[in-house]
Amino acid sequence: MSENKVYEFPAGFLWGGATAANQYEGGWLEGGKGESVPDHLTGGTVNTPRRWTREIEKDIYYPSHEAVDFYHHYKEDIALMAEMGFNVFRLSINWGRIFSNGDDRTPNQEGIDFYHNVFAECKKYGIEPLVTLSHYELPWALTLKYNGWAGREVIDCFVRYAETCFMEYKDEVKYWLTFNEINAGTFSFGTIMSLGMVPEHDEMSFDGDESHEQLQRRYQALHHQFVASAKAVQIGHAINPNFVIGCMIAGQVAYPETCNPKDALQAQNRNNMSNYFCGDVQVRGSYPYFAKRFFKDNDIHLDITKEDEIELKRGTVDFYSFSYYMSSVASTRGGKTTEGNIMGGVKNPYLKASDWGWQIDPEGLRWYLNDVYGRYGIPLMIVENGLGAIDVRSEDGKFHDVYRIDYLRSHIQQMGEAIEDGVDLLGYTMWGCVDLVSASTGEMKKRYGFIYVDKDNDGNGDLHREKKDSFDWYKKVIATNGRDLS
Ligand code: BGP
């Protein structure tokens, strides 16, 4: 592959950026919104884990409360996205803005109107919204009442919320995702963040120190999400047959460290559990063959009813979407570990890592696209990818984020390769197109955006927006439909 190779992206390819309400929107108690799970998560750093607090504590900084205030800046932000040429914008609806307690009798009109206004703004510029119904954002009241998704009752609450959104926005939104990174529920990290369950520890940790009861509850909660998603997909299609509804998986690529068959098996097992455990349920409509053994080995016994099985079969998705940031290495010998998006591993000597230790691997994206497409044969969409970095203002007062351009270029090239391989790829939404709060660490310092937002880790800053160099670069990429990546 030469550096200057020109790639042909399909006509109508979707180019844009991605966000999530809890990290972007702010306005945490405005317009009738109720508290959400992330409103109870403190800030952290790469070395200091985020904490959750049952009560909102005085003098503690909770980054989601204001986030970067899309709530009051949406017109300005969408105009900037339009200037870059976006034809798609991924955002999430904040469930607590529509039903403040998650299960109220009537929806909150002010919340409903907010998203009507946002979608009208998108329409003005010909931008297609891509809407996630649940992005790490359960209404807090459902955590208190049912222990989050551990309670089967939450299925009905979600279905009513989804149906309300589908009815309200049926002429404004075509592309939907039910749950963000639903496979986060297969990791203990997902306990509070993704499943809205009360964790056993105050600190959010990536390495599974949890009791067997909690493990069992976590998989039951995940099952409830599967059923809720399948029901929502069916209702969505009935409300508008033109809806295109997808699943969303945190894409993980694990390479075996050596050709030792034990390493190869470990890598296969990790890829199966992270990418296909949830993927199979949502794309094929049933648990994968390897789930049985996994449940047996871990002594997990789920309450799966006949009706659940029927719902899962009927509610399969139209496309598979995923996030992709890095790859990891599976090793039976152990060794120095690295950080990662949900999953770490031993260090890969062939790869460089980001400031947060995520190993940068564009070719892994091609590997993943081929692997997933080979399994499911349905259209794919990359709905998150990008580089979290420390942006420093240069002497000329600007942000010359060449490292971000390099990261994005190399990943888009590999998308081009995968399309040439024959993969049906619908689009690409770069994560955090406007700087926002990091999910794993709660920081502002970890920036992804084409657009800088003036705010720091402690909440200081006037929130004004500024273009970085990557802004004009991405504008050119979109204008040439990916032909000019220079
Ligand atoms: C994914 C989440 C996003 C986002 C992203 C980057 O796991 O879906 O919400 O935050 O990762 O991660 P971080 O913000 O931790 O850098």
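Residues numbered from 1 in each chain as written. Predicted model: local features only at pLDDT ≥ 70, side-chain atom pairs only at ≥ 80, totals over all residues. Heavy atoms only, no water.

## Observations concerning the overall build of the chain
Looking only at helices and strands, the chain features 14 helices and 14 strands. Scaling as 2.2 N^0.38, a compact globule of 486 residues should have a C-alpha radius of gyration of about 23 Å, and the chain matches this with 21 Å. Projecting the C-alpha coordinates of the chain onto the three principal axes gives extents of approximately 60 × 60 × 50 Å. Across the 486 residues that make up the chain, the buried fraction comes to 60%. Counted over contacts in the chain with a minimum sequence separation of 6, partners at least 24 positions apart contribute 74%. If you sum the accessible surface of the chain, you get close to 18500 Å²; carbon and sulfur atoms cover 49% of it. (Helix = DSSP H or I, 4+ residues; strand = E, 2+ residues; numbered from the N terminus. Rg over C-alpha atoms; globule rule 2.2 N^0.38 Å. Buried < 20%, exposed > 50% of the residue type's maximum accessible area, 1.4 Å probe, protein only. Contact = heavy atoms within 4.5 Å. Areas by Shrake-Rupley, 256 points an atom, 1.4 Å probe, with all protein chains shown as cover.)

## Some details on the pattern of salt bridges
Under the criterion given, the structure shown has 28 salt bridges. Arg293 serves as the salt-bridge partner of Asp297, at 3.1 Å between the closest nitrogen and oxygen. You can see Asp297 and its partner Arg293 sitting in helix α10 (residues 291–297), four residues apart, about one turn around the helix. Among the residues examined, Arg293 registers a relative accessible area of 60% and is labelled exposed. (Salt bridge = Lys/Arg side-chain N within 4 Å of Asp/Glu carboxyl O.)

## A few points about the packing of aromatic side chains
This structure, assessed with the given rule, holds 44 aromatic pairs. Members of the aromatic cluster, each reached through a chain of ring pairs, are Phe9, Phe13, Trp15, Phe86, Tyr428, Phe450, Trp473 and Tyr474. The residue whose ring lies beneath Arg97 is Phe114, and the NZ or CZ to ring-centre distance is 5.6 Å. The residue whose ring lies beneath Lys446 is Trp358, and the NZ or CZ to ring-centre distance is 3.7 Å. (Phe/Tyr/Trp six-rings, centres within 6.5 Å; stacked < 30°, edge-to-face > 60°. Lys NZ or Arg CZ within 6 Å of the ring centre and 35° of its normal.)

## What to know about the sheet that holds strand β7 (residues 319–323)
Backbone hydrogen bonds are what pair the strands of a sheet, in a parallel or an antiparallel way. Strand order around the closed barrel formed by eight strands is β1-β2-β3-β4-β5-β7-β11-β12, with parallel pairing between neighbours. Averaged over all pairs of adjacent strands, the angle between strand axes in this sheet comes to 25°, irrespective of strand direction. Where strand β3 (residues 128–134) meets strand β4 (residues 175–179), four bridges bridge the pair, whose relative direction is parallel. Across the sheet, the residue bridging to Val131 is Trp176, located in β4. Those strands touched by helix α12 (residues 362–376) are β5 (244–250), β7, β11 (380–384) and β12 (425–431), and its axis lies near 155° from that of β7. (Pairing = 2+ DSSP bridges. Axes fitted to C-alpha atoms, helices over the stretch in contact; angles between N-to-C directions.)

## Considerations on the nonpolar core
Ranked by size, the top nonpolar core spans 138 residues in total, and within it Trp149, Trp176, Phe277, Tyr320, Met415 and Tyr474 carry the most contacts. Examining the composition of this core, we find that eleven residues originate from one element, helix α8 (residues 212–239), more than from any other. Contacts of Trp149, omitting those with residues within four sequence positions, involve Trp95, Leu138, Val154, Ile155, Phe158, Phe179, Ser194, Leu195, Ala221, His224, Gln225 and Ala228. If you look at the next biggest cluster of nonpolar residues, it comprises ten residues, including Leu14, Val88, Leu130 and Met381. (Core = buried A, V, L, I, M, F, W, Y, C linked by side-chain atoms within 4.5 Å.)

## As for the site of the ligand
The environment of the ligand is formed by 15 residues, the closest being Glu181, Ala439, Ser440, Lys446 and Tyr448. The separation between an oxygen atom of the ligand and a polar side-chain atom of Asn180 is 2.9 Å. One of the side-chain nitrogen or oxygen atoms of Lys446 is found 2.7 Å away from an oxygen atom of the ligand. Looking at the shell around the ligand residue by residue, the classes come out as six nonpolar, six polar and three charged. (Near = heavy atom within 4 Å. Polar contact = N/O pair within 3.5 Å; in protein donor to acceptor, adjacent residues only side chain to side chain. Nonpolar A, V, L, I, M, F, W, Y, C, P; charged D, E, K, R; others polar.)

## Overview of the layout of surface pockets
Considering only enclosed or pocket space, the second largest pocket measures out at about 320 Å³ in volume. Lining the second largest pocket are 14 residues, and of these Lys352, Ala353, Ile360, Tyr403 and Asp406 sit closest to its centre. Residues that form the lining of the second largest pocket fall into these classes: eight nonpolar, three polar and three charged. (1 Å grid on protein atoms, 1.4 Å probe; cavity = no way out; pocket = protein on both sides within 12 Å on 5 of 7 lines; lining within 4 Å. Points joined across faces, edges and corners; volume = space filled by probe spheres on them.)

## Points about unusual backbone geometry
Residues other than glycine seldom take positive phi values, yet Asp59 does so here, at roughly 65°. Relative to the assigned elements, Asp59 resides in the loop between α1 (21–24) and α2 (70–84). The phi dihedral of Asn481 is positive, around 50°, even though this residue is not glycine. With respect to the secondary-structure elements, Asn481 resides in the segment after α14 (469–479).

## Concerning a negative patch on the surface
Together, Glu395, Asp396, Asp469 and Asp472 line one region of the surface with negative charge. Among the structural elements, Asp396 can be located in the loop between β11 and α13 (402–421). For Asp396, a relative accessible area of 48% puts it in the partly exposed group. (Patch = residues over 30% accessible without salt bridge, like charges linked within 9 Å, V, L, I, M, F, W, Y side chains within 5 Å. Lys, Arg positive; Asp, Glu negative; His and termini not counted. Charge placed at Lys NZ, Arg CZ, Asp CG, Glu CD.)

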